[in-house]
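Inside the fold
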Amino acid sequence: MARLTYTKPLLILGVLALTACPGDDTTLETDSASSGDESTTGNGPTTTPPTSSTSTTDDTVDSTSTTGDDPCANVECPPGQECIGGSCFTCGLPTCDSDCPMGEVCECPDDDECCDVGMCVPLDCPGDALPGNYEPCLTDGVPDDTPCDGAACIVDNDANPQAGVCMVLGCEYSCQCPPHPGTGDAVVTCEDVTGDDVSDCWIDCGGGATCPDGMSCFGGFICIWSDSPETPLYGDCFNGSPICADGGFCLGAGPDGAFCSGACGDVGDCQPPPATGDATIQCLDVTMDGMPECWLGCMGGETCPDDMYCYMDFICLWPEIIPPGDNYGDCFNWPGGCEAGEDACINDNGMMPMAGACSQSGCADAMDCPAAPASGNAPVACGDLGGGNTCLLDCSMGETCPDGMACTTVDLGMGMSTDVCMWPDHVEDFTCSDGDLGSAVGMAVSMGTTVGAGDDYIPSCSGGNDEDVELQWTAPADGTYTFDTVGSSIDTILTIFPDCVTPEVACNDDINPAMMNFQSTVTLDVPAGQTVLIVIDGWNESGNYVLNIN
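Residues numbered from 1 in each chain as written. Predicted model: local features only at pLDDT ≥ 70, side-chain atom pairs only at ≥ 80, totals over all residues. Heavy atoms only, no water.

Details of the overall build of the chain
In terms of helices and strands, the chain carries zero helices and 34 strands. Taking as baseline every contact in the chain between residues at least 6 positions apart, the subset at least 24 positions apart corresponds to 58%. As presented, the chain carries roughly 27,800 Å² of accessible surface, and 52% of it is formed by carbon and sulfur atoms. (Helix = DSSP H or I, 4+ residues; strand = E, 2+ residues; numbered from the N terminus. Contact = heavy atoms within 4.5 Å. Areas by Shrake-Rupley, 256 points an atom, 1.4 Å probe, with all protein chains shown as cover.)

A short note on the confidence of the model for the chain
Should the pLDDT be low somewhere, the predicted coordinates at that spot are not to be read in detail. With 84% of its residues at a pLDDT of 70 or more, the chain has an overall mean of 80. Mean pLDDT across the elements of the chain bottoms out in strand 1 (residues 7-9) (50) and peaks in strand 16 (residues 280-284) (96). Confidence over residues 1-7 falls short of pLDDT 50; this stretch has 47 contacts with residues more than four positions distant or in other chains. (pLDDT = per-residue confidence, 0-100.)

Looking at the state of the cysteines
Under the counting rule described, the total for this entry stands at 26 disulfides. Each sulfur of the disulfide joining Cys 137 and Cys 153 lies 2.1 Å from the other. Residues Cys 137 and Cys 153 are joined by a disulfide whose S-S torsion is about 80°; by sign, that bridge is right-handed. Highlighted residues: Cys 137 in the loop between strand 5 (119-122) and strand 6 (138-139) and Cys 153 in strand 8 (residues 152-155), separated in sequence by 16 residues. Each member of the pair, Cys 137 as well as Cys 153, carries the same accessibility label: buried. Disulfide partner of Cys 432: Cys 500, at an S-S distance of 2.0 Å. Judged by the sign of its S-S torsion, about -90°, the bond between Cys 432 and Cys 500 is left-handed. Placement of Cys 432 in the loop between strand 25 (416-424) and strand 26 (435-436) and of Cys 500 in the loop between strand 30 (492-497) and strand 31 (506-508) is noted, with a sequence separation of 68 residues between them. (Disulfide = S-S within 2.5 Å. Buried < 20%, exposed > 50% of the residue type's maximum accessible area, 1.4 Å probe, protein only.)

A look at the sheet that holds strand 24 (residues 406-413)
Here four strands make up an open sheet; going across it, the order is 20-21-25-24 and the pairing antiparallel. Each of the sheet's edge strands pairs with one partner strand only, and the pair in question is strand 20 (344-347) and strand 24. Here the strands of the sheet are splayed against their neighbours by 50° on average, with no regard to which way each runs. Of the strand pairs in this sheet, strand 24 and strand 25 are connected by seven bridges, and their pairing is antiparallel. By the bridge assignment for strand 25, Gly 413 is matched with Met 416. (Pairing = 2+ DSSP bridges. Axes fitted to C-alpha atoms, helices over the stretch in contact; angles between N-to-C directions.)

A closer look at the packing of aromatic side chains
What characterises a pair of aromatic rings is the spacing of the ring centres plus the angle enclosed by the ring planes. The final tally for this structure, using the stated rule, is five aromatic pairs. Where Tyr 309 meets Tyr 311, the ring centres are 6.5 Å apart and the plane angle is 80°; that geometry is what we call edge-to-face. Exposure remark for Tyr 309: the relative accessible area of 28% places this residue in the partly exposed category. Where Trp 473 meets Tyr 481, the ring centres are 5.0 Å apart and the plane angle is 70°; that geometry is what we call edge-to-face. Trp 473 sits in the buried class, given a relative accessible area of 0%. Taken together, the ring pairs connect Trp 473, Tyr 481 and Phe 483 into an aromatic cluster. (Phe/Tyr/Trp six-rings, centres within 6.5 Å; stacked < 30°, edge-to-face > 60°.)

Some words on a nonpolar patch on the surface
A cluster of nonpolar side chains, contributed by Leu 412, Met 414 and Met 416, occupies part of the molecular surface with about 370 Å² of accessible area. Judged by relative accessible area, which is 52%, Met 416 ranks as exposed. (Patch = residues over 30% accessible without salt bridge, like charges linked within 9 Å, V, L, I, M, F, W, Y side chains within 5 Å. Salt bridge = Lys/Arg side-chain N within 4 Å of Asp/Glu carboxyl O.)

Here we look at the sheet that holds strand 28 (residues 468-474)
In space, the five strands of this open sheet follow the order 26-28-33-30-31, with mixed pairing throughout. Each of the sheet's edge strands pairs with one partner strand only, and the pair in question is strand 26 and strand 31. Across seven bridges, strand 28 lies against strand 33 (residues 531-538) in antiparallel orientation. The residue bridging Glu 470 from the neighbouring strand is Val 535, located in strand 33.

As structure tokens, this is what we get:
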């Protein structure tokens, strides 16, 4: 899916100081031999003698005639030129009282080939008008092309869209674009704004221009619709609303974090820092685009505001907030499938265990334990199943276990038992697989297409979905493996399952959406001989894919 790129990238390469060299004379001097009476400035005719191809002296001038002080009285210049001081010069460009709207150009009236003040006249468009509009297109966070009248719904982040706008994809001239909504002074333009090397129709609010009523200036350059509140200066535009207040923009370092910034001339133009931390306000160009930005510096060991961190010992950023995963996962059928902090795999204590679950050891009470999954109502408890206190989901009073788990009787010895939610043993099911990759590793272990494969899975990590391909693969040795779709021609989503019927263990939509990398990657610990199901999906599109395993 085409998406907006709103994060202005950091380029921490050092601060450049541009100064004039000693002895340089920056004063402009005029030729003392030039004629002062005919000298002009601005957009009018130039008095610098043009080359022979654009400036001529009319040879028909009668040098014997007397015309007083007007040397041009008997001079006839060719079309597009005018007489100054007895010589013909190319006409200067006219100026209009205000900028001409899209589709018009400033020209002289038909009866005046050379003029200082022109008028805005319609410009014939070399391309056909394109259907579409600039309407809102997010409904409860779900993109919808329906209100766009033939255009596409473009969002800021497909995994969690908070801003969007209808946009025509594929224009050549701005005059082809749908008409401006009417309010505000931001202008319609035709340029690539999604990073796919194809120009798009959008409303440009760069330079402080005002968006149409109800729209916000996204990233300081494009008008969009968003129900999210604006994020203040130094606020979190990486995990929260990407709309920065006061015409600001989201400044970031790719996947390492970002914050809301704004243009400045000096630190006095920047807002005060947050109350926590002692990082200092800076007004320096850290993007190397010629425009200084407001940011919080930590290069001297200063402390960043709460929840921000010091990136590269230089600048305070908001890191990515990773939502908690599914605790009490299936370590019985999927070794290594536990969440961070879960260091134990409990089971039913049978001679040949038939069920198990991820756990956290050393708890004193339930308050020390991870939260329960969303499904089911079995409460979190802390108990000793025979090897010291561990966290568990208690179903001893008939509570319902989370989806996929079963209320399992655990032998405590001495004729005692209790009931705990666990993942039952099951026969691996790979009947859904479209192919077996064996234990292949390397680049392009599989290449193919999702077209015609059917839509069998809905990934949890993305709002998009389309046809998908399922491939089984077996780890050749214990190790950490990286699966990615770099080289695919479509925007991919990558999901890993233990098999066709067991819940997913990993999912990724985009490697780095801020840098327009919409391929997918998953890194996973897999024991030798373990077989997994790899599902390659498309973000609302089908096409050719490449799978790499390293």
